[in-house]
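Letter by letter, the chains look like this.
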Amino acid sequence: HASDGLPMGLECDFAGQIVVGAMTSKLPTSTDMKGEARKALQVIIDSFVHVQAAMCALVHAFLWDRFGS
């Protein structure tokens, strides 16, 4: 297997642009965008491992027997 039993990384090269676009479209113009981007990045970093582990668990629980090897 490609992961050799380890969680596989997800890649989304355009995620930063999506976050910044969403933030700039919803926040007042007087908002400290650098500070907001820093906070958003910290939330993403803190949650990424948990989301990735949850996806691996769901795949193994519901899809592995059908599509895995």
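Shown above is the structure to which this text applies.
Residues numbered from 1 in each chain as written. Predicted model: local features only at pLDDT ≥ 70, side-chain atom pairs only at ≥ 80, totals over all residues. Heavy atoms only, no water.

**Student:** Would you take a moment to explain the overall build of the protein chain for this structure?
**Tutor:** Of regular secondary structure, the protein chain possesses two helices and zero strands. Split into buried and exposed, the 69 residues of the protein chain put 7% on the buried side. When the accessible area of the protein chain is evaluated, it comes to approximately 6,000 Å², of which 65% is carbon and sulfur surface. (Helix = DSSP H or I, 4+ residues; strand = E, 2+ residues; numbered from the N terminus. Buried < 20%, exposed > 50% of the residue type's maximum accessible area, 1.4 Å probe, protein only. Areas by Shrake-Rupley, 256 points an atom, 1.4 Å probe, with all protein chains shown as cover.)

**Student:** For this particular structure, what's the right way to read a nonpolar patch on the surface?
**Tutor:** A cluster of nonpolar side chains, namely Val51, Met55, Leu58, Phe62, Leu63 and Phe67, defines an oily patch on the protein surface of about 650 Å² accessible area. By the secondary structure assignment, Met55 is in helix H2 (residues 33–67). (Patch = residues over 30% accessible without salt bridge, like charges linked within 9 Å, V, L, I, M, F, W, Y side chains within 5 Å. Salt bridge = Lys/Arg side-chain N within 4 Å of Asp/Glu carboxyl O.)

**Student:** I keep staring at the pattern of salt bridges and nothing clicks. Help me out?
**Tutor:** Side chains that differ in sign of charge can pair as their charged atoms come close. The full count for this structure, using the stated rule, is one salt bridge. Its salt-bridge partner being Lys39, residue Glu36 comes within 3.1 Å of it at the nearest N-O pair. Taken together, the positions of Glu36 and Lys39, both in helix H2 and three residues apart, correspond to about one turn of that helix. By relative accessible area, which is 24% here, Glu36 ends up partly exposed.

**Student:** Just checking my understanding: could you explain H2 for this structure?
**Tutor:** Think of an α-helix as turning once every 3.6 residues; residues three or four places apart then point the same way. Taking 1.5 Å per residue, 35 residues should reach 51 Å; H2 reaches only 43 Å between its end C-alpha atoms and comes up short. The sharpest bend along H2 measures roughly 50 degrees and falls at Ala61. Regarding H2, the residues found buried are Gly35, Ala40 and Gln52. Buried residues in H2 make contact with helix H1 (15–26). (Expected span 1.5 Å × (residues − 1). Bend = angle between axes of the 7 residues up to and from the residue. Contact = heavy atoms within 4.5 Å.)

**Student:** Just to check I follow, could you spell out the environment of Ala40 for this structure?
**Tutor:** Along the chain, Ala40 turns up in helix H2. In this structure, the C-alpha to C-alpha distance between Ala40 and Val19, residues 21 residues apart in sequence, is 7.9 Å. Residues within four places of Ala40 in sequence aside, it is in contact with Val19 and Met23.

**Student:** Is there a simple way to explain the packing of H1 against H2 in this structure?
**Tutor:** Packed helices, taken two at a time, are described by the angle their axes make and the gap between the axes. The contact between H1 and H2 brings their axes to 11 Å, and the two run at 130 degrees. Put simply, H1 runs oblique to H2. Seen from above, H1 lies across H2 with right-handed handedness. Mapping the contact onto sequence places Val19, Met23 and Thr24 in H1 and Met33, Glu36, Ala37, Ala40 and Ile44 in H2. The class makeup of the residues in the contact of H1 with H2 is six nonpolar, one polar and one charged. (Axes fitted to C-alpha atoms, helices over the stretch in contact; angles between N-to-C directions. Parallel < 35°, antiparallel > 145°, perpendicular 65-115°, else oblique. Left-handed = near helix turned anticlockwise from the far one by under 90°. Nonpolar A, V, L, I, M, F, W, Y, C, P; charged D, E, K, R; others polar.)

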